Amino acid sequence: MDLQFGSVLKAAREAQGLTQEELAREVRKSKAYICLVENGKRVPSPLFIERVAQALGADMHEWMFIGRGKDELKALIDRFPSQVERYFRSARNAVPKRK
């Protein structure tokens with residue numbers, strides 16, 4: 001299943017019991033903008049993603065990878081190698097080791 005940012009945003013917003021209007025207030029955007037992002041008609045900026053992650057109590061770094069294709073992910077890794085390495089190292093350390 002191809003996860004798009006907007007569909008994940010909508011599911012997370014609804015899971016928190018927030019309306020589009022309430023989330024819009026939290027992230028300082030209009031309800032119309034939230035609707036456009038959720039319907040895949042606007043590509044969110046990194047700042048918007050950061051604000052959404054904070055509002056929903058989520059990890060911004062995980063949200064940055066939602067809906068990205070292989071080429072986009074490679075470009076991110078090439079552009080931010082140390083940050084990507086740190087992210088995956090911390091994620092690996094968060095997973096309990098098998099016995």
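By convention here, each chain's residues receive numbers from 1 onward along its written sequence. Where local features are concerned, this predicted model is filtered to residues with pLDDT of at least 70; where side-chain atom pairs are given and counted, the filter is 80 or more; whole-chain, interface and lining totals use all residues. The side-chain values count all of the structure's non-hydrogen atoms but skip hydrogen atoms and water molecules.

Peer 1: If you had to explain helix α3 (residues 31-38) to someone new, which residues and values would you point to?
Peer 2: The cut-offs for exposure are 20% and 50% of the maximum accessible area for each residue type, with area from a 1.4 Å probe on protein chains only; residues under the lower value are buried, those over the upper are exposed, and the others partly exposed. Only DSSP runs of H or I with at least four residues qualify as helices, and only runs of E with at least two residues qualify as strands; both kinds are numbered from the N terminus onward. Inspection of α3 places Y33, I34, V37 and E38 among the buried residues, and these make up the whole buried set. End-on view of α3: buried residues confined to an arc of 135°, all on one side of the axis. Here, two residues are considered to be in contact whenever any of their heavy atoms come within 4.5 Å of each other. The inward-facing, buried residues of α3 contact α1 (5-15), α2 (20-27) and α4 (46-56). G40 lies just past α3 and shows a positive phi near 75°. By definition, the arc is the one covered by directions from the helix axis to the C-beta atoms.

Peer 1: Account for the packing of α2 against α4, with residues named and values stated.
Peer 2: Note on geometry: axes are C-alpha line fits, over the in-contact stretch for helices, and angles between N-to-C directions span 0 to 180 degrees. Contact geometry of α2 with α4 gives a least axis separation of 9 Å together with a crossing angle of 115°. When the axes of α2 and α4 are compared, the pair comes out roughly perpendicular. Crossing of α2 over α4 shows right-handed handedness. Residues L23, E26 and V27 of α2 lie in contact with α4, whose contacting residues are F48, R51, V52, A55 and L56. Note that Gly is not counted as nonpolar here; it falls among the polar residues with everything else outside the nonpolar set of Ala, Val, Leu, Ile, Met, Phe, Trp, Tyr, Cys and Pro and the charged set of Asp, Glu, Lys and Arg. For the contact of α2 with α4, the class distribution of residues is six nonpolar, no polar and two charged. Each angle gets one of four labels, with under 35 degrees taken as roughly parallel, over 145 as roughly antiparallel, 65 to 115 as roughly perpendicular, and the rest as oblique. Working rule for handedness: look at the near helix, and if it is turned counterclockwise from the far one by less than a right angle, call the crossing left-handed; if clockwise, right-handed.

Peer 1: Describe α4, naming the residues involved and giving the relevant values.
Peer 2: When α4 is considered as a whole, its buried residues turn out to be F48, I49, R51, V52, A53 and L56. Looking one or two places after α4, you find G57, whose phi comes out positive at around 65°.

Peer 1: If you had to explain the nonpolar core to someone new, which residues and values would you point to?
Peer 2: In this description, a nonpolar core means a group of buried Ala, Val, Leu, Ile, Met, Phe, Trp, Tyr and Cys residues linked to one another through side-chain atoms lying within 4.5 Å. By size, the foremost hydrophobic cluster in this structure holds 15 residues, and its most contacted members are F5, L9, F48, V52, L56 and W63. Listed by contribution, the elements that provide at least two residues to this core are α1, α2, α3 and α4. Not counting chain neighbours up to four residues away, the residues in contact with V52 comprise L9, V27 and W63.

Peer 1: Describe the packing of α2 against α3, and please don't skip the residues or the numbers.
Peer 2: Contact geometry of α2 with α3 gives a least axis separation of 8 Å together with a crossing angle of 105°. Classified by the angle between their axes, α2 and α3 sit roughly perpendicular to one another. Contacts between α2 and α3 involve Q20, E21, L23, A24 and V27 from the former and K31, I34, C35 and E38 from the latter. The class makeup of the residues in the contact of α2 with α3 is five nonpolar, one polar and three charged.

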